[in-house]
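Breakdown of the fold
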Amino acid sequence: MPRAGLTTGRVVAAAADLADAAGFESVTVSALARHFGVKDASLYTHVRNLQDLRVRVALLAGGELIDEIATAVAGRAGKEALAAYAGAYRAYALRHPGRYAATRIRVDQALVADSPALRRTAEITYGMLRAYGLAEPDLTDAVRLLRSTFHGYCALETTGGFGAPRDVQASWDKAVDALHVALANWPRETDGSRGH
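Given the structure is predicted, the values throughout are model-derived calculations rather than measurements. (Residues numbered from 1 in each chain as written. Predicted model: local features only at pLDDT ≥ 70, side-chain atom pairs only at ≥ 80, totals over all residues. Heavy atoms only, no water.)

A word on the nonpolar core
For clarity, the cut-off: Side-chain atoms within 4.5 Å link the members of a nonpolar core, which is a set of buried Ala, Val, Leu, Ile, Met, Phe, Trp, Tyr and Cys residues. Relative accessible area decides the class of each residue, using a 1.4 Å probe on protein chains only: under 20% of the type maximum gives buried, over 50% gives exposed, and in between gives partly exposed. Every helix listed is a DSSP run of H or I at least four residues long, and every strand listed is a run of E at least two residues long, numbered separately from the N terminus.
Formed by 36 residues in total, the largest nonpolar core has its most connected members in Ile 69, Leu 82, Leu 129, Phe 150 and Leu 183. Mapped onto this core, the elements with two or more residues apiece are α4 (50-73), α5 (78-95), α8 (116-130), α9 (138-158) and α10 (168-184). It is α5 that contributes the most residues to this core, nine residues altogether. Judged by nonpolar contacts, the second largest core, of 22 residues, contains Leu 6, Val 12, Ala 33 and Val 47.

Listed below in C-alpha cells is the structure:
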C-alpha cells in the first residue's frame, strides 16, 4: 500500500482492528507498519508514539461505544433505559474485545475534556441516572457502581470466567434487575451524612 495513502484515521482504524483480532497489547507501531507495508518511521507522521496511538484507539472505541449506547437508550427511561444501556455496553465489549480493552486505559483528563464522544458519554450516563432522581454526589457513586459492574461482568465473560452451568445471559439480566432496584432505592447522601 503506498505511503501516500496513509492518514491518521486509517492508522487508528487499523490499530483498532488489530486490537480486536490479536488483543490490545498486540497493538504496536511495528505491527501496524507491517500491516501497511511501510517502515515504522512512516507512521510517526500520523501518531507521536505508541502511547499516542493507543489513546487514539481508546478515543475511537469510546466514541463507537457511546454511539451504540445512545441509539439503544433513545426514548427510554428508568429500568428500560438501564437495560438498553447495559445491553449495548455488553454487546460492544463482546463484539470488539480489543477496542473495549482500549476504553479501559487511563486517558489524560485534558483529552477527555476535549473529546466530544467522552463528554457525550457523561451526558447520556448522567442523564439516565437523573431519571432515578439522583443528584451529586450520588450520581458519581452510581456511575462508579454501573461501570464496575458492567466492566467486571464483561471482563469475566470474555475470559471464560463464569464456569457454573447457569446461563450467562440469565445472570446478566438478573444483575441489571438488581442494579435497577439499587438505583431506585439509592441511599441518598444529605448534609454530609448517609440517609435512607
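Quick word on the side chain of Arg 99
How we decide: For this analysis, a polar contact is any N or O atom pair within 3.5 Å, provided that within protein one partner can donate a hydrogen and the other can accept it, and provided that sequence-adjacent residues contribute only side-chain to side-chain pairs. Residues are treated as being in contact if the distance between any of their heavy atoms lies within 4.5 Å.
Tracing the backbone shows Arg 99 in helix α6 (residues 97-102). Polar contacts involving the side chain of Arg 99 include one to the main-chain carbonyl oxygen of Ala 16, which spans 3.4 Å. At 2.6 Å, the side chain of Arg 99 and the side chain of Asp 20 are in polar contact. Once residues within four sequence positions are removed from consideration, Arg 99 is found in contact with Ala 13, Ala 16, Asp 17, Ala 19, Asp 20, Ala 61, Glu 64 and Tyr 92.

Side note on the pattern of salt bridges
Close approach of charged atoms allows side chains of opposite charge to pair. Here is the rule: One speaks of a salt bridge when a side-chain nitrogen belonging to Lys or Arg is within 4 Å of a carboxyl oxygen belonging to Asp or Glu.
Across all of its chains, the model carries eleven salt bridges by this definition. Here Arg 99 ties to Asp 20 by a salt bridge, and the two come within 2.6 Å at their closest N and O atoms. With a gap of 79 residues between them, Arg 99 in helix α6 and Asp 20 in helix α1 (residues 8-22) connect regions that are remote in the sequence. Across the pair Glu 80 and Arg 76 runs a salt bridge whose closest N-O atoms are separated by 3.1 Å. In this structure, a network of salt bridges that share partners links the residues Asp 17, Asp 20, Glu 64 and Arg 99.

Description of α4
Rule in force here: How far a helix is expected to stretch is found by multiplying one less than its residue total by 1.5 Å.
Over its 24 residues, α4 extends 34 Å from the first C-alpha to the last, a length consistent with the 34 Å expected when each residue adds 1.5 Å. Gly 75 occupies a position one or two residues after α4 and carries a positive phi of about 80°.

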